[in-house]
Amino acid sequence: MKIAVLGAGAMGGLYSSYLSRQHEVTVIDVNPALVEKVRADGLEVLEPDGSSAVYHPNAVLSTEGMGPVDLIIVFVKAMFTESALINNKGIIGPHTHLMTLQNGSGHEDMLGKFVPQENIIIGTTQHNASVAGLGVTRHGGSGITHMGCVVGSAARLQPFADAFTACGLEADVSDGVQKMIWNKLFTNVSASALTGALQVPLGYISSNPHAWKLCRTLIREAVDAAAGLGMEFDYEEKVAEVKAVCDNSPNGLTSIYADLRDGRRSEVDTISGSVVRAGAKGGVPTPSHAFLVELIHAMEDRPKN
């Protein structure tokens, strides 16, 4: 397949590296130094067992002159999705599939501006990675990549899942992937969002009684909002899972914490904001999430010191 990966960060670097084992992969990024490094030396992946390997996908700043590809995997931050697809619309053809493995939910609404609904792949992955240097990705852990559809049966996506699996990225297809995405969302919309607003590590959320009370309220609203969309989750089970994440990573710093600390825009609209939209769609009040979205945007607009 001809595959394009939008964004050569941690996850983009991992997926473009692995998929280049058997496919024609082009990774697209706006960082000239990174693109030049990948062109010259390739992308290095550091594995959990201490081994490493170098891969050589194509790397470009611009896709001008490129024809349509079979699959585009979107790994840019959610607020950059639209501009990235507009800038690279020449590689989107009538048969191109757009795939999102981004944090949060609701990305299909944006992808639907560029391809028909049946050409959208939504998914979630258990892989995690971090940037270890220019053109170097540290692969933190492996797992399954779940793929699903916005409309119709996910069975038609099996060729994509098979292609991923053959490259070392174990994948499956599921008609219940939307619920899997939400299952992964609960920690992000509660504990993670609060670490950003409070500028504290994860352990503080579960150990401080006031922060934990806020966290439980956010989980309660998210469970109710999901139920309004027909997805049932057990509230106490979700509370226990979020607490375990906080307790097991007491010094863990989330991406939303780092974004607000460093004066960057966050992905709050596709994380906490997705609960607000779900609540509106299902007629379920989500006042705590609505407040948190506005609070975090207010923090983004703070004057720089």
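Structural data are supplied above this passage.
Reading the values: the criteria
Residues numbered from 1 in each chain as written. Predicted model: local features only at pLDDT ≥ 70, side-chain atom pairs only at ≥ 80, totals over all residues. Heavy atoms only, no water. Pairing = 2+ DSSP bridges. Helix = DSSP H or I, 4+ residues; strand = E, 2+ residues; numbered from the N terminus. Axes fitted to C-alpha atoms, helices over the stretch in contact; angles between N-to-C directions. Contact = heavy atoms within 4.5 Å. Salt bridge = Lys/Arg side-chain N within 4 Å of Asp/Glu carboxyl O. Buried < 20%, exposed > 50% of the residue type's maximum accessible area, 1.4 Å probe, protein only.

**Re the sheet that holds strand 7 (residues 97-100)**
Move 1: Taken in spatial order, the eight strands make up an open sheet running 5-2-1-6-7-8-11-12, and their pairing is mixed. Looking at the sheet topology across the chains shown, the edges are occupied by strand 5 (58-60) and strand 12 (171-173). Averaged over all neighbouring strand pairs, the angle between strand axes comes to 25 degrees, with direction disregarded.
Move 2: Relative to strand 8 (residues 120-125), strand 7 runs parallel, the two sharing three bridges. Note that in strand 8 the partner of M99 across the bridge is I121.
Move 3: Helix-sheet contacts for helix 6 (residues 177-198) involve strand 8 and strand 11 (145-149), and the interaxial angle to strand 8 is about 40 degrees.

**Structural notes on the pattern of salt bridges**
Move 1: This structure, assessed with the given rule, holds ten salt bridges.
Move 2: Taking the shortest distance from any N to any O, the salt bridge between R216 and E236 comes out at 3.7 Å. Note that R216 is positioned in helix 8 (residues 209-228) and E236 in helix 9 (residues 235-248), a separation of 20 residues in sequence.
Move 3: Residue D224 is joined to R220 by a salt bridge in which the shortest nitrogen-to-oxygen separation is 3.0 Å. With D224 and R220 both in helix 8 and four residues apart, the pair spans about one turn of that helix.
Move 4: We classify D224 as partly exposed; its relative accessible area is 30%.
Move 5: Members of the salt-bridge network, linked through shared partners, are K77, D259, R261, D262 and R264.

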